[in-house]
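# Working through the structure, step by step
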Amino acid sequence: MRSVHNQNLTTSKGTRFLGILLLVGVPTLVLFAFFLSPEDDNMGDAVRLLYIHVPVAIFAYVAFVITALGSVFYLWKRSRWWDTAAHASAEIGVIFCGLTLATGSIWGRPTWNTWWEWGDVRLVTTLVLFLMFLGYLALRQVPADPHVRSKRASVVGIVAAINIPIVNRSVEWWENNTLHQQSSLTDGKLENLTLFTLFLGLILTGVLYLWLMTHRFRVGWLETEIEIKDASVALQERIAEGESR
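Residues numbered from 1 in each chain as written. Predicted model: local features only at pLDDT ≥ 70, side-chain atom pairs only at ≥ 80, totals over all residues. Heavy atoms only, no water.

## Digging into the pattern of salt bridges
Rules: In what follows, salt bridge is the name for a side-chain nitrogen of Lys or Arg lying within 4 Å of a carboxyl oxygen of Asp or Glu. Runs of E in the DSSP output that reach at least two residues are strands. Runs of H or I that reach at least four are helices, and both are numbered from the N terminus. Buried means the residue's accessible area, taken with a 1.4 Å probe over protein chains only, is under 20% of the maximum for its type, while exposed means over 50%, and partly exposed covers the values in between.
Evaluation of the coordinates by the stated rule reveals 5 salt bridges. A salt bridge links R80 to E225, with the nearest nitrogen and oxygen atoms 3.0 Å apart. Residue R80 is found in helix 4 (residues 80-112), and its partner E225 is found in helix 8 (residues 192-244); the two are separated by 145 residues along the sequence. For R80, a relative accessible area of 27% puts it in the partly exposed group. By sharing partners, the salt bridges in this structure join E91, R216 and E223 into a single network.

Right, here's the structure in full:
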């Protein structure tokens, strides 16, 4: 009974360790972001949003790349493990991408004097990326044979991921059609405590991604186990009905 119960848990020593890191790290990040790091000479206090905005944007890319890789491996190997990983990562990526849009909009109000600018290529391409992966998740909910559903979703996940380099390089490729600044990590303008706090935010967001990914993957695996079991039971019932006739 005990072993069966443990099989249905999504937690482990590893996830508990990641959770402890987050419990310690998040208050530390808040301390540095709002109290210890200085204001920016140009952005003022708005720079503090970058400690969230930049990390969630980067790990939205990471999550969607994992979805694309999982989709490729599913189409190649028909691996349920990769399909589950792709689905789990897409859900986390959509959350991170939504946070990217929200924090970017809040940051844009004092910096650009507008919540949203449709003429900005970075904003629009990020929104398209967000909507494409929302479509991926919606397709996952359409009733169908599990393999057919996974195949369709895999194709969408790969196509949607093509937008990632477009979003990432949009500021450089269409520099005359964007209000967005270039990468805060490569422009050389961040230093000392500001740069340290940004890297701390990156590390904690990476830990958060791993923690969420582990739990969501395990939940997804249990869901597919239940789906396979139900399908097997239904098939056996159909066979029994046929034999009884």
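That covers the picture; the talk isn't over yet.
## Describing the environment of F59
In this fold, F59 is placed in helix 3 (residues 50-77). Separated by 37 residues in sequence, F59 and F96 place their C-alpha atoms 7.0 Å apart.

## Description of helix 3
Structurally, the α-helix is built with 3.6 residues per turn, so residues lying three or four positions apart point the same way. Stated formally: To estimate the expected span of a helix, subtract one from its residue number and multiply by 1.5 Å.
For helix 3, built from 28 residues, the straight-helix expectation of 40 Å at 1.5 Å per residue is met to within 8% by its first-to-last C-alpha distance of 40 Å. Residue R78 follows helix 3 closely and has a positive phi angle near 55°.

## So, the packing of helix 3 against helix 5 (residues 121-140)
Operational definition: For helices, the fitted axis covers only the stretch in contact; all axes are lines through C-alpha atoms, and the angles between them, taken along N-to-C directions, range from 0 to 180 degrees. Each angle receives one of four descriptions, namely roughly parallel if under 35 degrees, roughly antiparallel if over 145, roughly perpendicular if within 65 to 115, and oblique otherwise. By the definition used in this description, the sense in which the near helix is turned from the far one sets the handedness, with an anticlockwise turn below a right angle giving left-handed and a clockwise turn giving right-handed. Residue contacts are defined here by distance: any two heavy atoms, one from each residue, within 4.5 Å place the two residues in contact. Throughout this entry, Asp, Glu, Lys and Arg are counted as charged residues, while Ala, Val, Leu, Ile, Met, Phe, Trp, Tyr, Cys and Pro are counted as nonpolar. The remaining residues, Gly among them, count as polar.
Close contact between helix 3 and helix 5 brings their axes to 12 Å; oriented N to C, the two are set at 45°. Compared by their axis directions, helix 3 and helix 5 come out oblique. When the axes of helix 3 and helix 5 are compared, the crossing they make is left-handed. Counted together, F64, T67 and S71 of helix 3 and L129, F133 and Y136 of helix 5 form the full contact between these two elements. For the contact of helix 3 with helix 5, a count of residues per class yields 4 nonpolar, 2 polar and no charged.

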